[in-house]
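The lines below spell out each chain.
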Amino acid sequence: MARLFILSTLAFTTTALTTFQPALAKTSDNNRHQAHKTPKNSDIKSKAHKQIENNASDPDADALSIAKNTQTALVVTASRSPEKADQVSSQVTVLDKAAIDHSQGMAISDILARTPGVSVTRNGGYGTATSVFIRGAESGQTMLVIDGVRMTDAASTNNGYDFGTLMTGDTSRIEVLRGSQSILWGSQAIGGVVNVVTAMPTKPLGGSVDLEMGSHSTINARAAVGGSSDRITWRLAGNNFYTKGISAISPRYGGHENDGYHNRSATGRVNIKLVDQVSVDLRGYYSKAMTDLDSSYGTPDTSDYENKEQWMGYAGLNVALFDNRLRNRFGYSYTNTKRSDISPSYEPYNTQTFLGNGHTRRLEYQGSLALVKNWDLIFGYENEHSAMRSSSPAYGDTITKGSMDINSVYGQLKGKIIKGFSVDGGVRYDHRSQFGGNVLFSGGGVWAFNHDNTVFRAHYGQGFNAPSLYQLYSEYGDQNLKAEKSHGWDAGFEQRFFHKRLTLAADYFQRTSNNLIAYLSCPYFGDLPAICYTPNTTIPRYGYYANINRSVAHGVEVSASLDIKRITLSGNYTWTSAKDHSAGYDYGYQLPRRPKNTANGSADYHWKFGLVTGIAVRWASKSWDTVHGEYSLNPAINHGYTLYDLRAEMPVTKNLTLFGRVENLSNKYYETAYRYGTLGRTFYGGIRARL
């Protein structure tokens, strides 16, 4: 039934959030000056305009009304409803369609790696396991949202979403909200939220086609079609990505054969306005991928591969009451991830070395009530059921399975105290079937003045993240694990000069996490402690999940951008200290795979005849690969690296653009995960057509 529901969703799909006015990739502070400008003569304000001021916000992180709004300074992730960026108390980076196209990133993770406060690791080439860390938090504490729907993988090791299979595709906007956002987004949003919004139609019928080819026999093709009328807005998009790839295990560690990757994905949405105040929303996402694998033990090169299939479906009913003062959204979503690892060398015996299936079903209600002018109350209820099942048929018939139920209520009040000064505060209660109840609080404020050229903001938030089903029930699990908890705050400023051509921004963040869950290795020889046996058995195991009690993260994020005639410069730097503060061998060490220093920079020149050329630089300092522990006193180090990219694009006609790039120009060898290979110098080129 779930698959039928999702197929039905995809059959009618289209997208409804924004294709905003083009701008280069910058943090949201560069976009704010386009907010509503009040007419000097107040007499021209109509009665309708006054009524709009008292409307409640649309309770939807992918609200269709935002897509039709000409403002570029709107953010939807922070409050799950559209609001001006100058009213958001959290730090947020917004990348619009022009920025995404200009970056030429084929995967979402390629684009995220260049944003402040974010670091990315990948176990090989495209398609391999990819983790996204925000402000030093665990990858399982990064929430991914696609078209307003939370993407969860109930069978993953740490609740985290594997960004390795998420291609850029039809994406028109990315919002990266940093800091704890658990009040409105729930468990997992301790580090932050990544909101991916697919494109929407802007005319009765239109489409787009992208095609690029490059090194390692890479082909990336995308096509989309959609339309908009008074009553129906719809869009369908598909993406096909193929590459022969590189060896997942680096040649320095014995990996030599190419490990290919093939991904086919589709997104879509349809919004039907039944009457003026009632609409139906259907959304869908589907991905099917095959990734060649290398072995982490013994001889790296193998014929093994993984099949992975992901589904997401959403159906919602939107109802506005009392002249739009109360907006309601009733929604049902379903996500499912299936994976199977195949080892052909086991033939004629069972070749399935791993089978995993995880799904999450969510029922939700969210309301937005306009209390008085400039004051809104957002509130809601959620019921979530997650379940997973895994096995290794090639090694026996043992089946691992588990499930969890969560019931949640939340509320957030936001509004203006005086002109330019906005505040927000929220509370959330979650009751989990295994861990009982938990209450979270948050609050923040933002002050914009000097014609919005100067902005100060501060935010405090608490977080709660239950152990994953895998951490609880797998052969490496422990059902006595405690839930991760956190609290933290951040504060920063933004300043614009010279008619907003120069922008400077900086912020400081701090977060304390308790009961942090980590994977610890067992000794390879000698007597094994009791924890190194699978629970309730005498079977030894390679390692286990445990609470390491406490970690403390703090850091600084700095960014700047400058537009001088035909030259555009931008850059950011992040210093992140994320350390284990639990008693033991790891005390005071940086958490694994999180470099303390990262920086990005770009320079572009816009030629008179339309050509745009640019260079981008990415730098990261060294990082530990695993935690320090009693049996891993000297973990491997991933050394620091600097990468240079060249890119160019040239409009041939109004609707056709040629583009190309060289990545890792100096052919630098580096690793983001120990022993795993990375792409050397590569070349890509293609076309973009808008119909």
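Basis of the calculations
Residues numbered from 1 in each chain as written. Predicted model: local features only at pLDDT ≥ 70, side-chain atom pairs only at ≥ 80, totals over all residues. Heavy atoms only, no water. Helix = DSSP H or I, 4+ residues; strand = E, 2+ residues; numbered from the N terminus. Buried < 20%, exposed > 50% of the residue type's maximum accessible area, 1.4 Å probe, protein only. Contact = heavy atoms within 4.5 Å. Areas by Shrake-Rupley, 256 points an atom, 1.4 Å probe, with all protein chains shown as cover. Disulfide = S-S within 2.5 Å. Polar contact = N/O pair within 3.5 Å; in protein donor to acceptor, adjacent residues only side chain to side chain. Core = buried A, V, L, I, M, F, W, Y, C linked by side-chain atoms within 4.5 Å. Patch = residues over 30% accessible without salt bridge, like charges linked within 9 Å, V, L, I, M, F, W, Y side chains within 5 Å. Salt bridge = Lys/Arg side-chain N within 4 Å of Asp/Glu carboxyl O. Phe/Tyr/Trp six-rings, centres within 6.5 Å; stacked < 30°, edge-to-face > 60°. Lys NZ or Arg CZ within 6 Å of the ring centre and 35° of its normal.

Undergrad: Explain the overall build of the chain here, please?
TA: Along the chain, the regular secondary structure elements total seven helices and 36 strands. Scored against the burial criterion, the 691 residues of the chain give a buried share of 58%. Across the chain, contacts joining residues at least 24 apart in sequence account for 65% of those joining residues at least 6 apart. As displayed, the chain offers around 28600 Å² of accessible surface, 58% of which is attributable to carbon and sulfur atoms.

Undergrad: Help me out: how do you make sense of the side chain of Asn515 in this one?
TA: By secondary structure assignment, the location of Asn515 is in the loop between β25 (502-514) and β26 (517-521). Aside from chain neighbours lying at most four places away, what touches Asn515 is Lys482, Ala483, Glu484, Asn547, Asn549 and Arg550.

Undergrad: So what exactly am I meant to see when it comes to the state of the cysteines here?
TA: Each disulfide consists of one covalent bond between the sulfur atoms belonging to two cysteines. Tallied over the full model, the rule gives one disulfide. Through a disulfide, Cys522 is tied to Cys532; the S-S separation comes to 2.1 Å. Across the S-S bond linking Cys522 and Cys532, the dihedral sits near -100 degrees, which makes this disulfide left-handed. Of this pair, Cys522 sits in the loop between β26 and β27 (543-547) while Cys532 sits in the loop between β26 and β27; the two residues are ten residues apart in sequence, bridging distant segments of the chain. Residues Cys522 and Cys532 agree in their burial class; the two are buried.

Undergrad: Explain the side chain of Gln104 here, please?
TA: On the secondary structure map, Gln104 appears in the loop between α4 (97-103) and α5 (108-112). By relative accessible area, Gln104 is classed as buried at 5%. A polar contact of 3.3 Å, which involves the side chain of Gln104, links it to the side chain of Arg661. Each residue touching Gln104, except ones within four places of it in the same chain, is listed here: Arg647, Ala648, Phe659, Gly660 and Arg661.

Undergrad: Honestly, unusual backbone geometry in this entry has me stumped. Any pointers?
TA: Excluding glycine, most residues fall at negative phi; most peptide bonds, likewise, are trans. Cis geometry marks the peptide bond from Glu347 to Pro348; its omega dihedral reads 10 degrees. Position of Pro348 relative to the elements: it lies in the loop between β17 (326-342) and β18 (352-372). Although it is not a glycine, Phe498 sits at a positive phi angle of roughly 50 degrees. A residue is classified by how much of its surface remains accessible, and Phe498, at 60% relative accessible area, is exposed.

Undergrad: Can you help me understand the nonpolar core in this one?
TA: Burial of nonpolar side chains together is a common tendency in soluble globular proteins. Judged by nonpolar contacts, the single largest core of 31 residues is most densely connected at Val75, Leu184, Trp185, Val193, Met404 and Tyr545. Of all the elements in the fold, those that place two or more residues in this core are β4 (91-95), β7 (142-146), α6 (182-185), β19 (375-391), β20 (399-418) and α7 (469-473). When near neighbours in sequence (up to four residues on either side) are disregarded, Met404 contacts Glu384, His385, Ser386, Ser433, Gln434, Phe435, Ala466, Pro467, Leu469 and Leu472. With 25 residues, the next largest nonpolar core counts Leu95, Ile174, Val194 and Tyr285 among its residues.

Undergrad: Would you take a moment to explain a nonpolar patch on the surface for this structure?
TA: A cluster of nonpolar side chains, namely Leu211, Met213, Ile219, Tyr242, Val652, Leu658 and Ile687, defines an oily patch on the protein surface of about 580 Å² accessible area. Take Met213: it is sitting in strand β11 (residues 206-214). For Met213, a relative accessible area of 49% puts it in the partly exposed group.

Undergrad: Explanation requested: the environment of Gly284 in the structure shown.
TA: Tracing the chain through its elements places Gly284 in strand β15 (residues 278-294). In this structure the C-alpha to C-alpha distance between Gly284 and Gly268, which are 16 residues apart in sequence, comes to 5.4 Å.

Undergrad: What exactly am I supposed to notice about the packing of aromatic side chains here?
TA: Scanning the entire structure with this criterion turns up 20 aromatic pairs. Here Tyr589 and Trp624 contribute two aromatic rings whose centre-to-centre distance is 5.8 Å and whose plane-to-plane angle is 80 degrees, an arrangement assigned as edge-to-face. Taken as a pair, Tyr589 in the loop between β29 (567-580) and β30 (597-606) and Trp624 in strand β32 (residues 623-624) lie far apart in primary sequence, 35 residues in all. A connected cluster of aromatic rings, assembled from ring pairs, spans Trp447, Phe449, Phe456 and Phe493. Over the face of the ring belonging to Tyr126 we find Arg122, whose NZ or CZ atom lies 4.6 Å from the ring centre. The side chain of Arg252 reaches across the aromatic face of Tyr669, ending 3.6 Å from its centre.

Undergrad: Explanation requested: the environment of Phe609 in the structure shown.
TA: You can see Phe609 is positioned in the loop between β30 and β31 (612-620). When the C-alpha positions of Phe609 and Pro651 are compared, they lie 9.2 Å apart, and in sequence the two are 42 residues distant.

Undergrad: What is the right way to read the environment of Ala491 from this model?
TA: Structurally, Ala491 can be placed in strand β24 (residues 484-497). The contact partners of Ala491, leaving out residues within four places of it in the chain, are Gln91, Arg457, Ala458, Ala506, Asp507 and Tyr508.

Undergrad: I would appreciate a short explanation of the pattern of salt bridges in the present structure.
TA: Think of it this way: side chains of opposite charge can pair up when their charged atoms draw near. Applying the stated criterion to the full structure yields 32 salt bridges. For the salt bridge of Glu138 with Arg594, the shortest nitrogen-to-oxygen distance reads 2.9 Å. Placement of Glu138 in the loop between β6 (130-134) and β7 and of Arg594 in the loop between β29 and β30 is noted, with a sequence separation of 456 residues between them. Judged by relative accessible area, which is 17%, Glu138 ranks as buried. For Arg594, a relative accessible area of 4% puts it in the buried group. The salt bridge involving Glu382 is made with Arg428; its shortest N-O contact spans 2.9 Å. One end of the pair, Glu382, is in strand β19; the other, Arg428, is in strand β21 (residues 421-432), and 46 residues separate them in sequence. Per residue, the accessibility class of Glu382 equals that of Arg428, and both read buried.

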